[in-house]
Amino acid sequence: FKYFASRHLKRKYTWKRGSKRGEAMNIRLPGRDPKIPDVIVAWDTSGSMSDEEHHKIASEVFEMLRILGGKIRVILFDAEVYFDNEITKFDLGRLRMQRGGTDFEPPFEKAKEYNPKLFVCLTDLYAPYPEDPGFAPLYPE
């Protein structure tokens, strides 16, 4: 994720908002655009996921929040999407998870509503292969 985020999700620079460092040196430099790129993380919470895997996913989500410096949208799912909201690093420990079967189509369908710049699905891949793999939109690799 670090490589992709550093390559594709960097905040852009803008002349609309000047840099404070430039002001201190009496020169005009572009500042960072305050808009954070849209990122969605789909988190598989099905019964096949172990507690250790959930801890690893939580640390990955925490790192994403640190890199992006704000909020990301998290979709918790098992056989259905049961949580869909933006979270900060303070909300990460408060997420309540249910354990059911696994279906990958609902989180991908939900993500289509937002058209994110990055969509990450964190899972153990224990699920039936979809009949129509075209349900997942294409994102950059």
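Nothing here was measured: the structure is a model prediction, and the numbers come from that model.

**Description of the confidence of the model for the chain**
Item 1. A residue-level look at the chain finds 72% of positions with pLDDT of 70 or above and a mean pLDDT of 80.
Item 2. Averaged pLDDT values over the elements of the chain bottom out at 62 in helix H1 (residues 2–8) and peak at 94 in strand E5 (residues 81–87).

**Section: the packing of aromatic side chains**
Item 1. Tallied over the entire structure, the rule returns two aromatic pairs.
Item 2. Ring centres 6.2 Å apart and planes at 65 degrees place the aromatic pair Phe77 and Phe104 in the edge-to-face group. Remark: Phe104 occurs in the loop between E5 and helix H4 (105–112) and Phe77 occurs in strand E4 (residues 72–77); sequence separation between them is 27 residues. Accessibility classification places Phe77 together with Phe104 in one group, the buried group.
Item 3. Directly above the ring of Tyr114 sits Arg73, whose terminal nitrogen or CZ lies 4.2 Å from the centroid.

**Comments concerning the side chain of Thr102**
Item 1. In this structure, Thr102 sits in the loop between E5 and H4.
Item 2. Of the polar contacts made by the side chain of Thr102, one reaches the backbone oxygen of Tyr126; its length is 3.4 Å.
Item 3. Excluding residues that lie within four positions of it along the chain, Thr102 makes contacts with Asp44, Ser46, Ser48, Asp78, Ala79, Tyr126, Ala127 and Pro128.

**Some details on the pairing of strand E3 (residues 39–44)**
Item 1. For E3, a buried count of six out of six residues is recorded, marking the element as mostly surrounded by other parts of the structure.
Item 2. Side chains Val39, Val41 and Trp43 of E3 all project onto a buried face; the interleaved residues Ile40, Ala42 and Asp44 project onto the opposite face, where all are buried too.
Item 3. Alignment of E3 against strand E6 (residues 118–122), held across five bridges, turns out to be parallel. Paired with Val39 across the strands is Leu118, a residue of E6.
Item 4. With five bridges connecting them, E3 and E4 associate as parallel partners. Note that in E4 the partner of Val41 across the bridge is Val74.
Item 5. Handedness of the crossover is the feature at issue here: the chain leaves E3, passes through helix H3 (residues 51–68), returns alongside E4, and the resulting connection is right-handed.

**So, the pattern of salt bridges**
Item 1. Under the definition given, this model contains eight salt bridges.
Item 2. A salt bridge links Asp51 to Arg99; the shortest N-O distance between them is 3.1 Å. In this pair, Asp51 is assigned in helix H3 and Arg99 in the loop between E5 and H4, connecting sequence segments 48 residues apart.
Item 3. Residue class for Asp51 comes out exposed when judged on its relative accessible area of 53%.
Item 4. Here Glu52 ties to Lys56 by a salt bridge, and the two come within 3.4 Å at their closest N and O atoms. Residue Glu52 and its partner Lys56 are both found in helix H3; the two are separated by four residues, about one turn of the helix. Accessibility classification places Glu52 together with Lys56 in one group, the exposed group.
Item 5. Salt bridges linked by common partners bring Arg73, Asp84, Lys110 and Glu113 together as one network.

The rules we used
Residues numbered from 1 in each chain as written. Predicted model: local features only at pLDDT ≥ 70, side-chain atom pairs only at ≥ 80, totals over all residues. Heavy atoms only, no water. pLDDT = per-residue confidence, 0-100. Helix = DSSP H or I, 4+ residues; strand = E, 2+ residues; numbered from the N terminus. Phe/Tyr/Trp six-rings, centres within 6.5 Å; stacked < 30°, edge-to-face > 60°. Buried < 20%, exposed > 50% of the residue type's maximum accessible area, 1.4 Å probe, protein only. Lys NZ or Arg CZ within 6 Å of the ring centre and 35° of its normal. Polar contact = N/O pair within 3.5 Å; in protein donor to acceptor, adjacent residues only side chain to side chain. Contact = heavy atoms within 4.5 Å. Pairing = 2+ DSSP bridges. Right-handed = clockwise from strand over helix to strand, strands pointing away. Salt bridge = Lys/Arg side-chain N within 4 Å of Asp/Glu carboxyl O.

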